[in-house]
Amino acid sequence: MTEIMSAVPRNGYQEVWDRSQSHRDDFWLEAAERLDWDTAPQTALEQRSETEWRWFPDGTLNVCANALDRHIDAGRGDTIALIADSAMTGTQQRISYLELRDRVATFAGALRSLGVEKGNRVLIYCPMTPEAVVAMLACARLGAIYSVVFGGFAANELATRIEDAKPSVIVTSSGGLEPGRQVRYLPLVHRALEICGEEASGVHAVIVANRDEVPGSAADYADDGAGAAWHDWDTLVAGAEPADPVPVNANDPLYILYTSGTTGSPKGIVRDSGGYAVALSWVMRGIYDFGPGDTIFTASDVGWVVGHSFIVYGPLIAGGTTVLYEGKPVGTPDAGAFWRVLAETGAKILSTAPTALRAIRREDPDLAELAKYDLSNLRAIYLAGERMDPETWHWLRDGLGVPVVDHWWQTETGWPICANPLGIEELQVKAGSTTVPMPGYNVRIVDAAGADITAPGVEGNIAIKLPLPPGGMLEIWGSKQRFIDSYLAAFPGYYASGDAGHFDDDGHLFVMGRTDDVINVAGHRLSTGSLEEVLTQHPAVAECAVIGIADELKGQRAAGFVTISRGSDIASATLASELIALIREQVGPVASFRDVTVLNRLPKTRSGKILRKTMRQIVDGEEYTVPATIEDAGVVDEFIEALSTTVSAPPTNVVTLPR
Ligand code: COA
Ligand code: AMP
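Residues numbered from 1 in each chain as written. Chains lettered and ligands numbered in written order. Predicted model: local features only at pLDDT ≥ 70, side-chain atom pairs only at ≥ 80, totals over all residues. Heavy atoms only, no water.

**Quick word on the sheet that holds strand E23 (residues 443-446)**
Taken together, four strands build an open sheet; the order of strands is E23-E24-E26-E27 and the sheet is antiparallel. The two strands at the open ends of the sheet, each matched to only one other strand, are E23 and strand E27 (509-514). Pairwise comparison of adjacent strand axes, ignoring direction, gives a mean angle of 50° for this sheet. In this sheet, strand E26 (residues 494-503) lies alongside strand E24 (residues 460-465) in antiparallel orientation, the contact comprising five bridges. Pairing of Ile 464 across the sheet is with Tyr 495, part of E26. (Pairing = 2+ DSSP bridges. Helix = DSSP H or I, 4+ residues; strand = E, 2+ residues; numbered from the N terminus. Axes fitted to C-alpha atoms, helices over the stretch in contact; angles between N-to-C directions.)

See below:
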């Protein structure tokens, strides 16, 4: 067996990046040697067409075996693989590689007993408890393709994903814990199956992990009549035979992860198995300088790509210890929550979203909580998910005295496109920049016509020269063409990231924002189009527009602007509250949708295009220019006047936790 995570040579970033371009195939085949393969790949890249490529096409492996069994075989079974820390229940569990492997193998056997085999789909809707990780790895062990749905999404979003992925089994839990309330998952799963109707006819089993803190069990749904049998996790597992890892082709999908696009229907990003495992094993050493003996605390959720790559697969493939955290950066119970977890777990790395740090800064600007904890193991903080504002960056770096690395990536890429590769060379860190492209990524700035305009200071669309490196998305689930249309058609020869930005004189990239209708609320990606689709469902709404406006804490938040249908006599305030409740019910609390303004008419051009940019600039208090093509200049004054009537409502349908 290859030595686990042999170190990436520290011969300088530029040399490593250049080699990833000039000797691309050798570069990635060497990286692949760090994994255990059932059939070692001889070919790095198969270019099937200009828009389709596959990494390691002749390799077979099992990702779960690389994340767990490999380390046990190397005599490290007693090493702690997972520390599950719940600030919500005040508990902490430490699970060794051996124990985690056994739990995963047995749960894989339980899935198999329900007919789940390689290529079948499983949907996972779980809170941040070990069962989520066990379920993910168990699917990987069988070669089943799973999709995790974030707990903050409501029944409708869950239903959309069930309809698209067509799982045969759903793995869930009685629920999650949010500050001050329980989130009961079972009614949501039940409702989602109802919404799907016939579309969910393939779902023949629902597995429920019980939590003492949240009521609800499989037995409550024994007679639900919807066709699926509901099983209790513990009962099912008690009779299960442990399953061995099933070798899969490197190109077989490991998971589908849904993300927001510009339309209402979410895109199922398909991740391969081999390329992803190779990329993550490179990243853990090259970017994070992380390996056996190290602990990483990634404060995200397994419902997001960050959770997949840096709570689960990256740290475990690297043979380190990962922290699974259920809680918030503030209020659970205070702004020292992250520092407590770092101190108690001895983590070397904290990875989180800027919004979490802004929340801590708002509560504890002088970092008084820090003094209570020993963070001597901490080497660096990594940030992703949204643009890091330079002010918070300075506050953090000065307060903690460790490098603060802003790295840029997407669900689609699966790992950082740009970062400061501390495992190779610590480059100069600049506030507001995501540093430099990582190996395999040839990042360019292109204009609207796709011409390469890359030059210091020149702003444009950020595009990546094809092919994407290992681990990048294979396609959109169910539609190769949608992948091409969404990402490859805009700039032939490039992957269009959907972000805009520029390089500086030193080749450091500054990512400035999206070029489409995707907005980023507390590091969560939302499509304004899908929110608009929900608003128009209200019978009193004639027209609407949702725009992303600046939010001090969450970076952005969604604000809705609606006009009332002729003949409807609903009061504006009533309509606003109903719309806020509707988004919460249909999309979920994660949308954080609170602001609705009722207008007499939407500002539009003569050709009927809604002036979203002008609206956003006005709301954000920025300078704005009214396009000459405006339908009627008076509409802008009306719009400004209407802003004083915006309804900003508190969250509704809250279930209070018993004290
Ligand atoms: N299940 C159910 N509901 C959830 C949820 C989950 N897993 N996660 C969040 N929600 C709910 C919250 O309870 C909240 O509901 P409310 O409207 O009843 O208060 C709503 O969704 C919005 O949640 P959140 O975005 O977490 O905002 P917040 O105001 O509760 O907390 C922060 C603000 C900054 C503390 C929080 O946004 C945060 O920790 N952000 C970090 C985000 C992150 O890690 N992103 C990773 C992406 S890489
Ligand atoms: P997601 O797929 O949910 O991870 O969201 C990806 C999007 O988040 C990117 O396209 C960017 O718009 C934004 N994003 C992620 N990381 C960064 C970063 N470090 N700086 C700026 N924007 C970022």
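**Here we look at helix H14 (residues 390-400)**
Taken residue by residue, H14 has Thr 392, Trp 393, Trp 395, Leu 396 and Leu 400 as its buried positions. All buried residues of H14 fall inside an arc of 165° around its axis, so they share one side. More than 90 degrees from the buried face of H14, the exposed residues found are Glu 391 and Asp 398. Looking at the packing, one finds that the buried side of H14 touches helix H12 (337-345), helix H13 (354-363), strand E19 (380-383) and strand E20 (404-406). (Buried < 20%, exposed > 50% of the residue type's maximum accessible area, 1.4 Å probe, protein only. Arc of directions from axis to C-beta. Contact = heavy atoms within 4.5 Å.)

**A word on the site of ligand 1**
Inspection of the region around ligand 1 gives 25 residues, with Glu 178, Arg 181, Lys 328, Arg 584 and Arg 594 positioned closest. At 2.8 Å from an oxygen atom of ligand 1 is found a side-chain nitrogen or oxygen belonging to Arg 181. One of the backbone N or O atoms of Ala 299 is found 3.3 Å from an oxygen atom in ligand 1. Notes on ligand 1: free accessible area 930 Å², of which the protein chains cover 85%. At the level of secondary structure, the elements contributing two or more residues to the shell around ligand 1 comprise strand E10 (181-184) and H13. For the shell around ligand 1, the residue count by class is twelve nonpolar, seven polar and six charged. (Near = heavy atom within 4 Å. Polar contact = N/O pair within 3.5 Å; in protein donor to acceptor, adjacent residues only side chain to side chain. Areas by Shrake-Rupley, 256 points an atom, 1.4 Å probe, with all protein chains shown as cover. Nonpolar A, V, L, I, M, F, W, Y, C, P; charged D, E, K, R; others polar.)

**Some points on the site of ligand 2**
Not every one of the 15 residues close to ligand 2 is listed here, only the nearest: Asp 406, Thr 411, Asp 499, Arg 514 and Arg 525. Interatomic distance of 2.5 Å between a side-chain N/O atom of Thr 411 and an oxygen atom of ligand 2. Residue composition of the shell around ligand 2, grouped by class: three nonpolar, six polar and six charged.

**Here we look at the sheet that holds strand E17 (residues 321-326)**
In a beta sheet, neighbouring strands pair by backbone hydrogen bonds and run either parallel or antiparallel. In spatial order, the strands read E5-E4-E17-E16-E18-E19-E20; together these seven strands make up an open sheet with mixed pairing. In this open sheet, the two strands that pair with only one neighbour each are strand E5 (91-96) and E20. Along the sheet, successive strands turn relative to each other by an average axial angle of 20°, direction set aside. Its contacts with the sheet place helix H11 (residues 305-317) against strand E4 (80-86), strand E16 (295-298) and E17, and it is angled at close to 150° to E17. Contacting E4, E5, E16, E17 and strand E18 (349-352), H12 runs over the sheet at an angle of about 150° to E17.

**Some details on the packing of H13 against H14**
At a closest axis distance of 10 Å, the pairing of H13 and H14 adopts a crossing angle of 70°. Judged by the angle between their axes, H13 and H14 are roughly perpendicular. The handedness of the crossing between H13 and H14 is left-handed. Listed contacts from H14 to Leu 357, Arg 358, Ile 360 and Arg 361 of H13 are Glu 391, Thr 392, Trp 395 and Leu 396. Looking at side-chain class alone, the contact of H13 with H14 contains four nonpolar, one polar and three charged residues. (Parallel < 35°, antiparallel > 145°, perpendicular 65-115°, else oblique. Left-handed = near helix turned anticlockwise from the far one by under 90°.)

**A word on the nonpolar core**
Where a protein is soluble and globular, its nonpolar side chains tend to be buried together. By size, the foremost hydrophobic cluster in this structure holds 119 residues, and its most contacted members are Phe 107, Leu 111, Ile 124, Leu 137, Val 171 and Tyr 313. Of all the elements, helix H6 (residues 130-142) adds the most residues to this core, at ten residues. If near-sequence neighbours (up to four positions away) are discounted, Tyr 313 is found in contact with Val 63, Met 136, Leu 137, Ala 140, Tyr 146, Leu 254, Tyr 255, Tyr 276, Leu 280 and His 308. If you look at the next biggest cluster of nonpolar residues, it comprises 29 residues, including Phe 297, Phe 338, Leu 357 and Leu 383. (Core = buried A, V, L, I, M, F, W, Y, C linked by side-chain atoms within 4.5 Å.)

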